[in-house]
Amino acid sequence: MDAVVTALTTALTPAIFLDTIGDLVPFIVVLVPISLGLYFLRKLVKGAAKGKVRF
């Protein structure tokens, strides 16, 4: 178990961690608005079938 912990602490440096996060940020910035848009669109369409369209 000590070997696993040592391998993780030597392989995961702050620079590598921040580079990985930096690569993921554009994906997250695109994903969040699309997800929210789909969420609200589904709510709008679901209500439209029952005649409960809200704007």
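Before reading further, recall that the structure is shown in the block above.
What you see is a predicted model, and the numbers here were worked out from it, not measured in a lab. (Residues numbered from 1 in each chain as written. Predicted model: local features only at pLDDT ≥ 70, side-chain atom pairs only at ≥ 80, totals over all residues. Heavy atoms only, no water.)

Engineer: Give me the lowdown on the overall build of the protein chain, citing residues and values where you can.
Structural biologist: Scanning the protein chain from N- to C-terminus turns up two helices and zero strands. For the protein chain, with 55 residues in total, the buried portion stands at 2%. For the protein chain, the computed accessible surface area is about 5,200 Å², with 75% contributed by carbon and sulfur atoms. (Helix = DSSP H or I, 4+ residues; strand = E, 2+ residues; numbered from the N terminus. Buried < 20%, exposed > 50% of the residue type's maximum accessible area, 1.4 Å probe, protein only. Areas by Shrake-Rupley, 256 points an atom, 1.4 Å probe, with all protein chains shown as cover.)

Engineer: Let's hear about the packing of aromatic side chains: which residues, and what values?
Structural biologist: Per the counting criterion, the structure on display carries one aromatic pair. Ring geometry for Tyr-39 against Phe-40: centres 5.2 Å apart, planes inclined by 65°, an arrangement best described as edge-to-face. (Phe/Tyr/Trp six-rings, centres within 6.5 Å; stacked < 30°, edge-to-face > 60°.)

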